[in-house]
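These are the residues of each chain, in order.
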Amino acid sequence: MGVVFGHLSDYASGFWYTVALTLASFLVSLLVGIVIATMRISPAAPARAAGLFYVETVRNTPLLVLLFLFFFGLTKVGLAYSIFVSGVIVIGAYHGAFVAEALRSGVGAVSKGQAEAARSIGLTFSQSLRYVVLPQAFRTVVPPIGNIFIALTKNTSLITVIAGVDLTSAADRLNTTYAQAIPIFFGAAVAYLILTIPSGLAFGWIERKVAIAR
Amino acid sequence: MFRRRLSVLVATAALAMGTAACGGGTSSSGGGLAASAKPAGYAMTQATNIPASPTLDAIKSRGKIVIGTKFDQPLFGLKNPVTGNIDGFDAELSRLLAKRVLGDDKKIDFVETVSKNREDFIEQGKVDAVIATYTINDARKQRVGFAGPYYLAGQDIMVKKDNTTIKSVTDLNGKKVSSVQGSTSEQNIKSKAPQAQVLLFDTYTTAGEALRDGRVDAESTDNVILLGLVDKNPDAFKLVGAPFTQEPYGIGLKKADTVFRNFVNDTLAEAEKNGDWQKAYAATAGKVDPKPPTPPAIDRY
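Since the structure is predicted, the reported quantities are computational estimates derived from the model, not experimental observations.

It is worth spelling out the overall build of chain B at this point. What chain B contains, in helices and strands, is 10 helices and 13 strands. Long-range contacts, defined as pairs at least 24 residues apart, comprise 71% of the intrachain contacts of chain B with a sequence gap of at least 6. In the structure as shown, chain B presents an accessible area of about 13900 Å², 55% of it carried by carbon and sulfur atoms.

Written as structure tokens, this is what we have:
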């Protein structure tokens, strides 16, 4: 384990890259998820179709392939985003499809009477979503969103294929130099757990905070 | 109705993918699949007296020499999918050796060897010799003998075809350079050009793609690999031709058979003297190497 403790600064720089990438992509995924979920439950058929198309294409394509297509494909049409920004957009957009489906299931869990009551007192569709349906939907989807967050955290390691310098890449570089794969990747696993276990606990706390007494 | 529509959709998609694949195939075959360039006539002739040695005796009684080489290394040992021939510098040296022993460069069986099995194949006598971008080092010398070196490989730099500013490794200071994960290429760059920013991709081709897109100024790894990339993309890339590490390639053979090792060394010396070595290089790696090397001194240890 000496190789791990001797290179804590290498792990730290990779760790903070992973933290930044995780938080930024998660924010993007929430925004994308809300927009797409709204489209999927919208009364307008074209919006529903577009939302369905987004979810099914993005969710059913490997993240690795999407990263490649975005990073190397868009430069061919003159759009070159940096490695980090490409990662945030692709990882965020990909998990946004999952967030959208989680939110949609949450909306389904809000009883129909709530939406009907909201509309009957004169709220528009978007108002009824914003003030009545989504706030209740969010409460029921905290656990699945927590799952998506943890999956997203681990999936950020795929940024190494477009030369991102995250935690996995830091471990990989150390391993190239010292050829001690087991302690080095064990160190990386611990670092990921330092990130994911508290976030799991945080989601549990949020879940209890917003729980509806039924 | 839905089912029929679906099948049409699938067929269309398959067709589209098929065409795409074909398009990709033709555009990337810069190496020339059908036209495997043959060097114009070698001067090498059969040796007048072939000494007795376990390997040479086996070759003579078999009437064929068995050479282990790579089947997937462009310009050195690459199996041509159209003709089935093995093309490349290593394959040409094998032909010269066959001509020296048996007087006929067609009396060869090529066996694919990969990095992991080369020593085993030699020790078990599955091959008479291994000519397969095989770096001579002390660890390997414990198990096998090496004739040569016949070529000095080394880490080199590949740039876009129109680049004129990067001429050596020190020019990489302050530049972005791509390479691959899990290789020592990064450390070699950092030790010679500490101010270079190295981006590590997962394959040589994606590292090359980053160069094509202008995300990096250069790609750096073993020149043999870079030559292969240049060969496939002759209009996009070029090799700088300023290697900054040294990896001597040798011909691996049975450790105990010093008579055969001397014979192979004599063959190499002859090929280097009569111009066959240069012909073989010019017809293979020399097609894309801007600076054809001179053969390294043979190490008769």
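All names here are of chain A. Running from N to C, helix α3 (residues 45-59) and helix α5 (residues 83-109) cross one another at 125°; their axes reach a closest spacing of 9 Å. Put simply, α3 runs oblique to α5. The element α3 and its partner α5 pack so that their crossing is left-handed. Packed against α3, whose contacting residues are Y54, V55, V58 and R59, the element α5 presents A93, Y94, A97, F98, A100 and E101 at the interface. The residue inventory of the contact of α3 with α5, partitioned by class, reads 8 nonpolar, no polar and 2 charged.

A separate point is the sheet that holds strand β8 (residues 155-160) of chain B. For sheets, the rule is that strands pair by backbone hydrogen bonds, running either parallel or antiparallel. All names here are of chain B. Taken in spatial order, the 5 strands line up as β10-β9-β11-β8-β12 in an open sheet, and their pairing is mixed. At either margin of the open sheet sits one strand with a lone partner, and together these are β10 (197-201) and β12 (237-239). Neighbouring strand axes in the sheet, compared pairwise and without regard to direction, differ in orientation by 30° on average. Where strand β9 (residues 176-180) and β10 come together, 5 bridges link them in parallel fashion. Bridging across to β10, V177 finds its partner in V198. Seen against the sheet, helix α6 (residues 185-192) touches β8, β9, β10 and β11 (218-222) and runs at an angle of roughly 175° to β10.

Turning our attention to the domain arrangement of chain B. All names here are of chain B. Per the domain assignment, the segments making up chain B are domain 1 (54-152 + 248-287) and domain 2 (155-239). The distance between the C-alpha centroids of domain 1 and domain 2 comes to 29 Å. Counting residues at the interface gives 10 residues for domain 1, matched by 7 residues for domain 2. Here domain 1 and domain 2 share an interface that buries about 600 Å² over both sides, 62% of which is from carbon and sulfur atoms. Among the residues domain 1 hides against domain 2, the three largest losses belong to Q73, P74 and L75. Together they make up 54% of the total. Our count for the contact surface shared by domain 1 and domain 2 stands at 0 salt bridges.

A separate point is the sheet that holds strand β4 (residues 86-87) of chain B. All names here are of chain B. The sheet built from 3 strands is open, its strands ordered β2-β3-β4 with antiparallel pairing. The outermost strands of the open sheet, each flanked by one partner alone, are β2 (72-73) and β4. The sheet contact formed by β2 and strand β3 (residues 77-79) spans 2 bridges and is antiparallel. Following the sheet pairing, D72 is matched in β3 by L78.

Residues and elements named next belong to chain B. Summary statistics for chain B give a mean pLDDT of 85 and a share of 87% for residues scoring 70 or more. Mean pLDDT values over the elements of chain B span from 44, in helix α1 (residues 2-27), up to 95, in β8. Below pLDDT 50 for its whole length, residues 1-35 participates in 9 contacts with residues either more than four positions away or in separate chains. Interface confidence for the predicted complex, given as ipTM, is 0.83, next to a pTM of 0.76.

On to the pairing of β8(B). Residues and elements named next belong to chain B. β8 sits mainly inside the fold: 5 of its 6 residues count as buried. Relative to β11, β8 runs antiparallel, the two sharing 4 bridges. Paired with Q155 across the two strands is D222, which belongs to β11. When β8 meets β12, the two strands line up antiparallel, connected through 3 bridges. What sits directly across from V159, in β12, is K238.

Right, let's get into the environment of S42(A). Residues and elements named next belong to chain A. Looking at the secondary structure, you find S42 in the loop between α2 (8-40) and α3. Taking the C-alpha atoms as reference points, S42 and F125, separated by 83 residues in sequence, lie 8.1 Å from one another. Polar contacts involving the side chain of S42 include one to the main-chain amide nitrogen of A44, which spans 2.8 Å.

Conventions we followed
Residues numbered from 1 in each chain as written. Chains lettered and ligands numbered in written order. Predicted model: local features only at pLDDT ≥ 70, side-chain atom pairs only at ≥ 80, totals over all residues. Heavy atoms only, no water. Helix = DSSP H or I, 4+ residues; strand = E, 2+ residues; numbered from the N terminus. Contact = heavy atoms within 4.5 Å. Areas by Shrake-Rupley, 256 points an atom, 1.4 Å probe, with all protein chains shown as cover. Axes fitted to C-alpha atoms, helices over the stretch in contact; angles between N-to-C directions. Parallel < 35°, antiparallel > 145°, perpendicular 65-115°, else oblique. Left-handed = near helix turned anticlockwise from the far one by under 90°. Nonpolar A, V, L, I, M, F, W, Y, C, P; charged D, E, K, R; others polar. Pairing = 2+ DSSP bridges. Domains from an automatic or database assignment. Buried area = accessible area lost by both parts, 1.4 Å probe. Salt bridge = Lys/Arg side-chain N within 4 Å of Asp/Glu carboxyl O. pLDDT = per-residue confidence, 0-100. Buried < 20%, exposed > 50% of the residue type's maximum accessible area, 1.4 Å probe, protein only. Polar contact = N/O pair within 3.5 Å; in protein donor to acceptor, adjacent residues only side chain to side chain.

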